[in-house]
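Inside the fold
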Number of protein chains: 4
Amino acid sequence: MTSTDGAPVPAFERFDQQTADGLVAAHGAETGGLVGFLGLRITAITPGRLVAEAAVRDELLTPFGNLHGGVLAAVTDHVLGCVLYPLIEQGAWAATTEFKVNYLAPVREGALRAEATVLSLTRRTAVVRVEVTNDGRLASAAQGTVLVVTPRS
Amino acid sequence: MTSTDGAPVPAFERFDQQTADGLVAAHGAETGGLVGFLGLRITAITPGRLVAEAAVRDELLTPFGNLHGGVLAAVTDHVLGCVLYPLIEQGAWAATTEFKVNYLAPVREGALRAEATVLSLTRRTAVVRVEVTNDGRLASAAQGTVLVVTPRS
Amino acid sequence: MTSTDGAPVPAFERFDQQTADGLVAAHGAETGGLVGFLGLRITAITPGRLVAEAAVRDELLTPFGNLHGGVLAAVTDHVLGCVLYPLIEQGAWAATTEFKVNYLAPVREGALRAEATVLSLTRRTAVVRVEVTNDGRLASAAQGTVLVVTPRS
Amino acid sequence: MTSTDGAPVPAFERFDQQTADGLVAAHGAETGGLVGFLGLRITAITPGRLVAEAAVRDELLTPFGNLHGGVLAAVTDHVLGCVLYPLIEQGAWAATTEFKVNYLAPVREGALRAEATVLSLTRRTAVVRVEVTNDGRLASAAQGTVLVVTPRS
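Residues numbered from 1 in each chain as written. Chains lettered and ligands numbered in written order. Predicted model: local features only at pLDDT ≥ 70, side-chain atom pairs only at ≥ 80, totals over all residues. Heavy atoms only, no water.

1. Considering the overall build of chain A
A tally of regular secondary structure across chain A gives three helices and six strands. Shown N-terminal to C-terminal, the secondary structure of chain A runs as helices and strands in the order α-α-β-β-α-β-β-β-β. In terms of C-alpha radius of gyration, chain A reaches 15 Å, essentially the compact-globule figure of 15 Å for 153 residues. For the C-alpha atoms alone, the extent of chain A along its principal axes is close to 50 × 35 × 25 Å. Of all intrachain contacts in chain A linking residues separated by at least 6 positions in sequence, the fraction that spans at least 24 positions is 65%. In the form shown here, chain A has an accessible surface area of approximately 6,000 Å², with 52% of it arising from carbon and sulfur atoms. Charged side chains of chain A number 12 positive and 15 negative; the gap between the two group centres comes to 7 Å. (Helix = DSSP H or I, 4+ residues; strand = E, 2+ residues; numbered from the N terminus. Rg over C-alpha atoms; globule rule 2.2 N^0.38 Å. Contact = heavy atoms within 4.5 Å. Areas by Shrake-Rupley, 256 points an atom, 1.4 Å probe, with all protein chains shown as cover. Lys, Arg positive; Asp, Glu negative; His and termini not counted. Charge placed at Lys NZ, Arg CZ, Asp CG, Glu CD.)

2. Digging into the environment of Ala105 of chain C
Mapped onto the fold, Ala105 of chain C is located in the loop between β3 (93–103) and β4 (111–121). For Ala105 of chain C and Thr76 of chain C, which are 29 residues apart along the polypeptide, the C-alpha to C-alpha distance reads 15 Å.

3. Some points on the side chain of Glu98 of chain A
With respect to the helices and strands, Glu98 of chain A occurs in strand β3 (residues 93–103). A polar contact of 2.5 Å, which involves the side chain of Glu98 of chain A, links it to the side chain of Thr145 of chain A. Reaching out from Glu98 of chain A, the side chain makes a polar contact with the side chain of Lys100 of chain D at a distance of 2.8 Å. (Polar contact = N/O pair within 3.5 Å; in protein donor to acceptor, adjacent residues only side chain to side chain.)

4. Description of a nonpolar patch on the surface
Among the surface-exposed residues, Phe64 of chain C together with Trp93 and Val149 of chain D lie close enough to one another that they form a single nonpolar patch of about 270 Å² accessible area. Tracing the chain through its elements places Phe64 of chain C in the loop between β2 (49–55) and α3 (69–82). (Patch = residues over 30% accessible without salt bridge, like charges linked within 9 Å, V, L, I, M, F, W, Y side chains within 5 Å. Salt bridge = Lys/Arg side-chain N within 4 Å of Asp/Glu carboxyl O.)

5. Here's the deal with the relation of the copies chain B and chain A
Note on the identical chains: chain B maps onto chain A by a rotation of 180° and an axial translation of 0.0 Å, with an RMSD of 0.0 Å. As the rotation angle and translation indicate, the two copies are arranged about a two-fold axis. Scanning chain B for the C-alpha nearest the rotation axis identifies Lys100 of chain B, at a separation of 2.0 Å. (Least-squares fit on C-alpha atoms with pLDDT ≥ 70 in both.)

6. Description of the sheet that holds strand β5 (residues 125–134) of chain B
Reading across from one edge, β1(A)-β2(A)-β4(A)-β5(A)-β6(A)-β3(A)-β3(B)-β6(B)-β5(B)-β4(B)-β2(B)-β1(B) is the order of the 12 strands in this open sheet, with antiparallel pairing throughout. Two strands close off the open sheet at either side, each with one partner strand: β1 (41–46) of chain A together with β1 (41–46) of chain B. Mean inter-strand twist for the sheet, computed between neighbouring axes without regard to direction, equals 20°. (Pairing = 2+ DSSP bridges. Axes fitted to C-alpha atoms, helices over the stretch in contact; angles between N-to-C directions.)

7. Thoughts on the packing of aromatic side chains
All told, the structure shown has 12 aromatic pairs over all chains when counted by the stated rule. Here the aromatic rings of Tyr103 of chain A and Phe99 of chain B are separated by 6.5 Å at their centres, their planes lie at 55°, and the arrangement is tilted. Here Phe99 of chain B lies in strand β3 (residues 93–103) and Tyr103 of chain A lies in strand β3, a pairing that spans two chains. Exposure remark for Tyr103 of chain A: the relative accessible area of 13% places this residue in the buried category. (Phe/Tyr/Trp six-rings, centres within 6.5 Å; stacked < 30°, edge-to-face > 60°. Buried < 20%, exposed > 50% of the residue type's maximum accessible area, 1.4 Å probe, protein only.)

8. Considerations on the interface of chain B and chain A
Reports often express the size of an interface as the amount of accessible area lost when the parts come together. Taken together, the contact pairs 24 residues of chain B with 24 residues of chain A. When the two sides are added together, the surface that chain B and chain A hide from each other amounts to roughly 2,100 Å², 65% of it contributed by carbon and sulfur. In terms of surface lost to chain A, no three residues of chain B exceed Leu34, His68 and Tyr103 of chain B, which account for 26% of the buried area on that side. Put simply, chain B and chain A have two salt bridges between them. Where Lys100 of chain A meets Glu98 of chain B, a salt bridge forms, and the shortest distance between an N and an O atom there is 2.7 Å. On the surface where chain B and chain A come into contact, there are 12 residue pairs in polar contact (both at pLDDT 80 or more). Where the side of chain B that touches chain A is concerned, the elements lending two or more residues are α2 (33–38), α3 (69–82) and β3 of chain B. In the side of chain B that touches chain A, the residues fall into 11 nonpolar, nine polar and four charged. (Buried area = accessible area lost by both parts, 1.4 Å probe. Nonpolar A, V, L, I, M, F, W, Y, C, P; charged D, E, K, R; others polar.)

9. Some details on the sheet that holds strand β1 (residues 41–46) of chain C
Pairing is antiparallel across the open sheet formed by 12 strands, whose spatial order is β1(C)-β2(C)-β4(C)-β5(C)-β6(C)-β3(C)-β3(D)-β6(D)-β5(D)-β4(D)-β2(D)-β1(D). Only two strands of the sheet have a single partner each, and these edge strands are β1 of chain C together with β1 (41–46) of chain D. Averaged over all adjacent pairs, the angle separating strand axes in this sheet is 20°, with direction ignored. In the sheet, strand β2 (residues 49–55) of chain D pairs with strand β4 (residues 111–121) of chain D via seven bridges, with the strands oriented antiparallel. Bridged to Arg49 of chain D within β4 of chain D is Thr117 of chain D.

10. Quick word on unusual backbone geometry
Although it is not a glycine, Asp135 of chain A sits at a positive phi angle of roughly 50°. For Asp135 of chain A, the position within the fold is in the loop between β5 (125–134) and β6 (137–149).

11. Quick look at the packing of α3 of chain C against helix α3 (residues 69–82) of chain D
Orientation of α3 of chain C relative to α3 of chain D, taken along the N-to-C sense of each, is 155°, at an axis distance of 8 Å. By the angle between their directions, the pair α3 of chain C and α3 of chain D is classed as roughly antiparallel. For the pair α3 of chain C and α3 of chain D, the sense of crossing is right-handed. Each of Gly69, Gly70, Ala73, Ala74 and Asp77 of chain C in α3 of chain C lies in contact with α3 of chain D, whose residues at this interface are Gly69, Gly70, Ala73, Ala74 and Asp77 of chain D. (Parallel < 35°, antiparallel > 145°, perpendicular 65-115°, else oblique. Left-handed = near helix turned anticlockwise from the far one by under 90°.)

12. Quick notes on the side chain of Asn102 of chain D
Positionally, Asn102 of chain D belongs in strand β3 (residues 93–103). Overall, the relative accessible area of 0% leaves Asn102 of chain D in the buried class. Separated by 2.9 Å, the side chains of Asn102 of chain D and Gln143 of chain A make a polar contact. A polar side-chain atom of Asn102 of chain D sits 2.9 Å from a polar atom in the side chain of Thr145 of chain A. Contacts of Asn102 of chain D, omitting those with residues within four sequence positions, involve Glu98, Val127, Gln143 and Thr145 of chain A, Thr97 and Glu98 of chain C together with Ala139, Ser140 and Ala141 of chain D.

13. Focus: the nonpolar core
Grouped together as the largest cluster of nonpolar side chains are 96 residues, with contacts concentrated most on Leu84 of chain A together with Leu84 of chain B. Leaving out residues up to four positions away in the same chain, Leu84 of chain A has contacts with Ala94, Val118, Leu121, Ala126, Val128 and Val146 of chain A. Counting 94 residues, the second-largest nonpolar core is a separate cluster that includes Leu38 of chain C together with Ala20, Leu60 and Ala92 of chain D. (Core = buried A, V, L, I, M, F, W, Y, C linked by side-chain atoms within 4.5 Å.)

14. Focus: the pattern of salt bridges
Oppositely charged side chains can pair when the atoms bearing their charge come close. Residue and element names in this part refer to chain C. Scanning the entire structure with this criterion turns up 28 salt bridges over all chains. Salt-bridge contacts for Glu115 lead to Arg113; the nearest nitrogen and oxygen are separated by 2.8 Å. The exposure class assigned to Glu115 is buried, which follows from its relative accessible area of 6%. Its relative accessible area of 27% is what places Arg113 among the partly exposed residues.

Functional significance is not addressed by these values, which are geometric in nature.
Here it is in structure tokens:
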């Protein structure tokens, strides 16, 4: 069971490096909310691809010692929308409308690496795949839809 | 947009009230981890149905003031497995293997009410539907599969 | 395992009876293509709900004597989009963008009854649930998204 | 928008070439049922990967001239289970329990190429990804679960 890293991504009309840098900066030590609870940091953003990482700390485990599935789901949801921002018009909104996740292997320790890959992007909608690996082993695979909401002029 | 509360549930061979009570007790003020972060309390368990509630507090919002989708996903994941425990053999494990969630309306404040309903249950697998409402409005609808892992004798 | 018939549907601004009648007429004995192969007839359309039926004939079974899962998937896909047409602006297009289906019980004979229920509808997008029963028993449950594409003026 | 062909697959304990050959032979000119209607031929099977192809003929289109989404769904369902047979114990059954499909681009003509890739396989369950391309363009992407049912001794 290995990650499918390296899958080709489509070409995109636009990639805003400043937006990408802003995303990285917004995931730091001071970040609160769900992202802070998850301990997510963005470690790479390229056109159509985003990688985020988090440590598997005790607070994320169930009483049985496994990573709570909800953590994988929340991480998946988060990167699914983030990967779009550098690709869409400034001021536009990437609204995740749905996703589906399969859990493939239990996680107990180490680090999570979530990789979001844009499979398709039109003016209105994008489809994104998210794989989370745990120390090199595929822990979950997901696929979701993001609605691109552009500001009215 | 209303909840589909009241959908019929199948009949089940077994419902362990003690397990149900234990689940309720395990979701309290002292609970840590993801469940504690979400602030989830179980407010009702009947055969094939479980209701949990949480307040929408600021820590669960994105910087844009909307509830983070990952919160809905994590809540969904959590109740999806919990609803099975009173129905399965003691010592058995309810392992959520996958789910799919549609986000239907943005959430900004108030309370979340997550209702899990078992659509089918065999010896090996169950299908569960989860709807989350926000002050009476349907916020997300999900459907997932749980593998019933029985201890080897 | 029973159908969740009777779930409440949201209120809709518009329901075009002529469009509904046209849909029924388009699913007849002469209908070709996939719909003809499936043998689907629409037996009821009300605002936000559509029921279609088909006989489980030998041609729809696998060599092992079970209904091919692809038949349930195709039926699901079909009614998922159809239920929207009477609700959306004339000339608009209901483009199914994704769905997820769980198969709950094997089907070997009798009739299929597919019921599509609109869970939410905005100007741009709808979420629809589809349940297929086989002689009263829930055979599959699905949930999907439809993009409402309005003609440009 | 390109296919993600070339994704790595896990290693498998077993690959039965005879079963693979039997699958190819069972998808021929004489094949009836849904597979015959779809016109599916298997063009390659390797451990954890299966490729099937079909021509986009008029009978598979909607009255609007687009390939019926149900065709993509049915093709997806079919290859999702088939890819497992050479990997599982002889006499075991690969029962697709659920899948989720995103439609990425409309299809009007040419050929479909469906590729199923096994992401994970345990004794009880497998997760499979299916991508359908239309003349090199990604038309749909799916992910599903297969239950491996072994005969009782």
